[in-house]
Amino acid sequence: MMKPPTSYYDAEFGQMRIEDNHWTLAECAVLGDRSVPIFVDFEQGQIGKLSSLQREAIRQALALPPDVLRITAPLVLQNYDVYRDMIGDESMPPLANPIQVWDEVTFSYIYVPPHVEYDLHIATFELIAECDWEPEHGLEVRFRNGVADDADQIGETGR
């Protein structure tokens, strides 16, 4: 019996390896001074099958601007403030500058979902992270066409 492959070479993105049930690109996205791995699920589970929108989403994740954290901080801060209002000021201090919200976040990975399977018509990827204000559910920041447009607990941004 043949074992399933654990690596795949893509002509555009290079070597990919299976990790944590996702295919992981050798190249990472850069957010500020942090490298973040990119996980991909192939279309219909077929190794090597990436839709044109998935390819575009990967390109966008790899080309995030140097100031992406500053640009997306207000969106993430909104999520922080919702939780802050729910649990009270004592345990979650107000942040003087939106960029400070990233001090409370640990990046896990960027996820590029199968676009055909999820009926996505815009290049979409999600930044998955742990955050101090929601340790049970974490943080998901959805990007469409390379721009962050939603932040919520993991699984709640919709696709």
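Notes on the structure in this doc start here. (Residues numbered from 1 in each chain as written. Predicted model: local features only at pLDDT ≥ 70, side-chain atom pairs only at ≥ 80, totals over all residues. Heavy atoms only, no water.)

1. Examining the sheet that holds strand β6 (residues 38–40)
Alright, step 1. Strand order in the open sheet formed by eight strands is β1-β2-β3-β6-β7-β8-β9-β10, and the pairing between neighbours is mixed. Looking along the sheet, the strands with just one partner apiece sit at the ends: β1 (7–10) and β10 (147–152). Mean inter-strand twist for the sheet, computed between neighbouring axes without regard to direction, equals 30°.
Alright, step 2. Pairing of strand β8 (residues 124–131) with strand β9 (residues 139–144), which is carried by six bridges, proceeds in the antiparallel orientation. Residue pairing in the sheet places Ile128 in a bridge with Glu140 of β9. (Pairing = 2+ DSSP bridges. Helix = DSSP H or I, 4+ residues; strand = E, 2+ residues; numbered from the N terminus. Axes fitted to C-alpha atoms, helices over the stretch in contact; angles between N-to-C directions.)

2. Points about the nonpolar core
Alright, step 1. If you look at the biggest cluster of nonpolar residues, it comprises 41 residues, and the most contacted ones within it are Leu31, Ile110 and Trp133.
Alright, step 2. A total of eight residues in this core trace back to one element, the largest contributor, which is helix α2 (residues 68–87).
Alright, step 3. Once residues within four sequence positions are removed from consideration, Leu31 is found in contact with Val36, Leu64, Val68, Leu69, Phe107, Ile110 and Leu127. (Core = buried A, V, L, I, M, F, W, Y, C linked by side-chain atoms within 4.5 Å. Buried < 20%, exposed > 50% of the residue type's maximum accessible area, 1.4 Å probe, protein only. Contact = heavy atoms within 4.5 Å.)

3. Considerations on the pairing of β1
Alright, step 1. With four bridges connecting them, β1 and strand β2 (residues 14–19) associate as antiparallel partners. Residue pairing for β2: Ser7 is matched across the bridge by Arg17.
Alright, step 2. The turn linking β1 back onto β2 is made up of three residues.

4. Some points on unusual backbone geometry
Alright, step 1. The phi dihedral of Asn21 is positive, around 65°, even though this residue is not glycine.
Alright, step 2. Along the chain, Asn21 falls in the loop between β2 and β3 (22–25).
Alright, step 3. Despite not being glycine, Asn145 has its phi angle at roughly 50°, a positive value.
Alright, step 4. Secondary-structure assignment places Asn145 in the loop between β9 and β10.

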